Amino acid sequence: MDKVRVRFAPSPTGYLHVGGARTALFNWLFARHHGGTFILRIEDTDRTRSTEEAIEQIMASLRWLGLDWDEFYRQTERFDIHQHYAEELLRRGAAYEADGAVWFRMPKDGVTVVDDLIAGKVEFQNREFKDLVILRSDGTPTYNFACVVDDTEMGITHVIRGDEHLPNTPKQLHIYRALGLTPPKFAHLPLILGPDRTKLSKRHGAVSVLEYRRKGILPEAMVNFLARLGWSHGDQEVFTREELIRYFDLDGVGQSPSVFDEQKLLWLNREWMRRLPVPELTKLVQEFLLLEGVASPEQIAAIPEDIMHRAVELFRDRSRTLVELAHTARMLFPGELAVPPDGQELLRPELAEPFEVMAQALDQVRDRSPAALEATIRETLARLDLPLKAVALPMRVVVSGSRVGPGLFEVLALVGPRLAAERLHRAAEKLRKG
RNA sequence: GUCCCCGUCGUCUAGGCUGGCCCAGGACACCGGGCUUUCAAUCCGGAAACGGGGGUUCGAAUCCCCCCGGGGACACCA
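Since we're looking at a predicted model, the values are computed, not measured.

Structural notes on helix α1 (residues 18-33)
Residue pairs spaced three or four apart in an α-helix point in one direction, given the helix's 3.6 residues per turn.
Consideration 1: If you check α1, its first and last C-alpha atoms are 22 Å apart, about what 16 residues at 1.5 Å a residue would give, namely 22 Å.
Consideration 2: Just past α1, the residue Gly-35 takes up positive phi, approximately 65°.

A look at the layout of surface pockets
Consideration 1: Its volume calculated, the largest pocket comes out at about 1100 Å³.
Consideration 2: Around the largest pocket, the lining comprises 41 residues; the ones closest to its centre are Pro-10, Ser-11, His-17, Glu-164 and His-165.
Consideration 3: Mapped by element, the contributors of at least two residues to the lining of the largest pocket are β1 (5-8), α1 and β9 (158-162).
Consideration 4: The element best represented in the lining of the largest pocket is α1, accounting for six residues.
Consideration 5: Looking at the lining of the largest pocket residue by residue, the classes come out as 15 nonpolar, 14 polar and twelve charged.
Consideration 6: The volume enclosed by the second largest pocket comes to roughly 370 Å³.

Notes on the environment of Ile-175
Consideration 1: Examined against the element boundaries, Ile-175 turns out to sit in helix α5 (residues 169-179).
Consideration 2: The spatial distance from the C-alpha of Ile-175 to the C-alpha of Met-106 is 8.7 Å, given a sequence separation of 69 residues.
Consideration 3: Excluding anything up to four places from it in sequence, Ile-175 contacts Leu-89, Phe-104, Leu-132, Asn-144, Phe-145 and Val-148.

Quick look at the packing of aromatic side chains
Consideration 1: With the rule as written, the count across this model stands at seven aromatic pairs.
Consideration 2: Here the aromatic rings of Phe-225 and Phe-260 are separated by 5.0 Å at their centres, their planes lie at 85°, and the arrangement is edge-to-face. Remark: Phe-260 occurs in the loop between β12 (258-259) and α9 (262-275) and Phe-225 occurs in helix α7 (residues 219-227); sequence separation between them is 35 residues. As far as burial versus exposure is concerned, Phe-225 and Phe-260 are alike and both buried.
Consideration 3: Taking the centre distance of 6.4 Å and the plane angle of 75° together, the rings of Phe-239 and Tyr-247 count as edge-to-face.
Consideration 4: The class for Phe-239 is buried, based on a relative accessible area of 1%.
Consideration 5: What links up through ring pairs into an aromatic cluster is the set Phe-26, Trp-231, Phe-239, Tyr-247 and Phe-248.
Consideration 6: A cation over an aromatic ring shows up here: Arg-22 above the ring of Phe-26, its NZ or CZ 5.1 Å from the ring centre.
Consideration 7: Lying across the ring of Trp-272, Arg-275 places its NZ or CZ 5.9 Å from the centre.

Observations concerning the protein's contact with RNA strand B
Consideration 1: Around RNA strand B, the surrounding shell holds 53 residues, and the nearest of these are Thr-45, Arg-136, Gly-230, Asp-317 and Arg-318.
Consideration 2: Of all RNA strand B atoms lying within 4 Å of any protein atom, the proportion belonging to sugar or phosphate reaches 71%.
Consideration 3: Within the backbone of Asp-99, one N or O atom sits 2.8 Å away from a base nitrogen of RNA strand B.
Consideration 4: Sort the elements by how many residues they give to the surface near RNA strand B and α9 lands first, with five residues.
Consideration 5: Partitioning the surface near RNA strand B into residue classes produces 16 nonpolar, 15 polar and 22 charged.

Let's talk about the sheet that holds strand β3 (residues 71-74)
Consideration 1: An order of β1-β2-β3 is seen for the three strands of this open sheet, with the pairing classed as parallel. Because the sheet does not close on itself, it has two edges, and the strands there are β1 and β3. Strand-to-strand, the axes of this sheet are offset by a mean angle of 25°, without reference to chain direction.
Consideration 2: Across four bridges, the pairing between strand β2 (residues 37-42) and β3 is parallel. Of the residues in β3, the one forming a bridge with Ile-42 is Arg-74.

Thoughts on the side chain of Asn-168
Consideration 1: With respect to the helices and strands, the residue Asn-168 is situated in the loop between β9 and α5.
Consideration 2: When sequence neighbours within four positions are dropped, the list of residues in contact with Asn-168 reads Tyr-143 and Asn-144.

What counts, and where the lines are drawn
Residues numbered from 1 in each chain as written. Chains lettered and ligands numbered in written order. Predicted model: local features only at pLDDT ≥ 70, side-chain atom pairs only at ≥ 80, totals over all residues. Heavy atoms only, no water. Helix = DSSP H or I, 4+ residues; strand = E, 2+ residues; numbered from the N terminus. Expected span 1.5 Å × (residues − 1). 1 Å grid on protein atoms, 1.4 Å probe; cavity = no way out; pocket = protein on both sides within 12 Å on 5 of 7 lines; lining within 4 Å. Points joined across faces, edges and corners; volume = space filled by probe spheres on them. Nonpolar A, V, L, I, M, F, W, Y, C, P; charged D, E, K, R; others polar. Contact = heavy atoms within 4.5 Å. Phe/Tyr/Trp six-rings, centres within 6.5 Å; stacked < 30°, edge-to-face > 60°. Buried < 20%, exposed > 50% of the residue type's maximum accessible area, 1.4 Å probe, protein only. Lys NZ or Arg CZ within 6 Å of the ring centre and 35° of its normal. Near = heavy atom within 4 Å. Polar contact = N/O pair within 3.5 Å; in protein donor to acceptor, adjacent residues only side chain to side chain. Pairing = 2+ DSSP bridges. Axes fitted to C-alpha atoms, helices over the stretch in contact; angles between N-to-C directions.

Nothing here speaks to function; it is geometry throughout.
Take a look at the structure:
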């Protein structure tokens, strides 16, 4: 095989959605697997719909996913090249001028066969086609034409794109033919659908790649998830980037469309949160503590590093996103914790006394380790003649703001005896007042 | 409407080219149980699919035909 050259060619009319991201990923993986070149080409020939922000967003999305490009082009900067090819078509009699535009003459009978690497041989009846505009009356090229010219000029070997482009392929094939060029190989990827089995779009909820970043999805999880949408490698579900590069090829791509299942994305995300080294994850969590308004930079800085790491380690098994994890971490910071609705019933008046006693005991503790705190709590409970079971859940609710979470003594160690004592003391006061 | 594509558990899929190893395997989700101060993790178990009908064959998820269903494309958008 010639040295592989592929491109991802989005039109900058909006954010990068997951369908586009998957197309970009498959191109990137194909290039990296074959030691080829991955090109980013912005198809902005429609100047009325293209925006600079969209270009920025697309690049930011690709960077976040870790899909680096080797070459970059913009179609609007290549109009002279397109024009040149249009003149050539005119000269050859394959195109003509009408209504101020340049039109390409499509054959009116016979069949055109597209030999697709994924879909196989697909036949199109030529009578289905009408002549097509290749240069608009303002002189700018249209998609099918610019695409052929640029793919040729850039030496593209494989066009890997969404299935919605399959019907464009015979048109492009005829342009190649009229120009006397050998077309690249084509591979059309089955669509990604929403839960209602129609093409994934805004009405299905989050579809922008950057939205998933904001939701606390890790790029590793997103890449892993997207790769498994339409591609498989035996029974393996979790892949590192290196594994994807090693195993990815077009023969692993299926022919049927796939439904975007957010549940599986969330599962993969937790898998990846658990695989990430703790210090790395912690940095991300800290970003989300700020983004979510859970804590201020000063408050975050005030938490000892080992406590922070331990918290992240304990919370990540219970969170599916960075956002969830950040909210769980609220207990680490000073301030009121709302009693959750399902915790209200646990706070019975007779707990005021034990809470107060334990608050005082905790206040004396120097050693912040879970073991030391456990010893203190158990001693105090023995003095009060109460079993742990009688106070564990209510205490957890008061100290952490939730009836679920890590072990009670771990929670106390994370929150710290002083803050825990303060919360218990306040709860006791409230209970006494009724 | 016309053309094209697709059709294995709810979802992602393995298997299909080279029929028997598949009364269909894995994963997510779901249900039940163990563990535990709670939840999660984890472990054990469960329910769940070859769209339908005809062929071909000793034998079909796999090959052929028809039907049904779903989706996509039909711009001086990409």
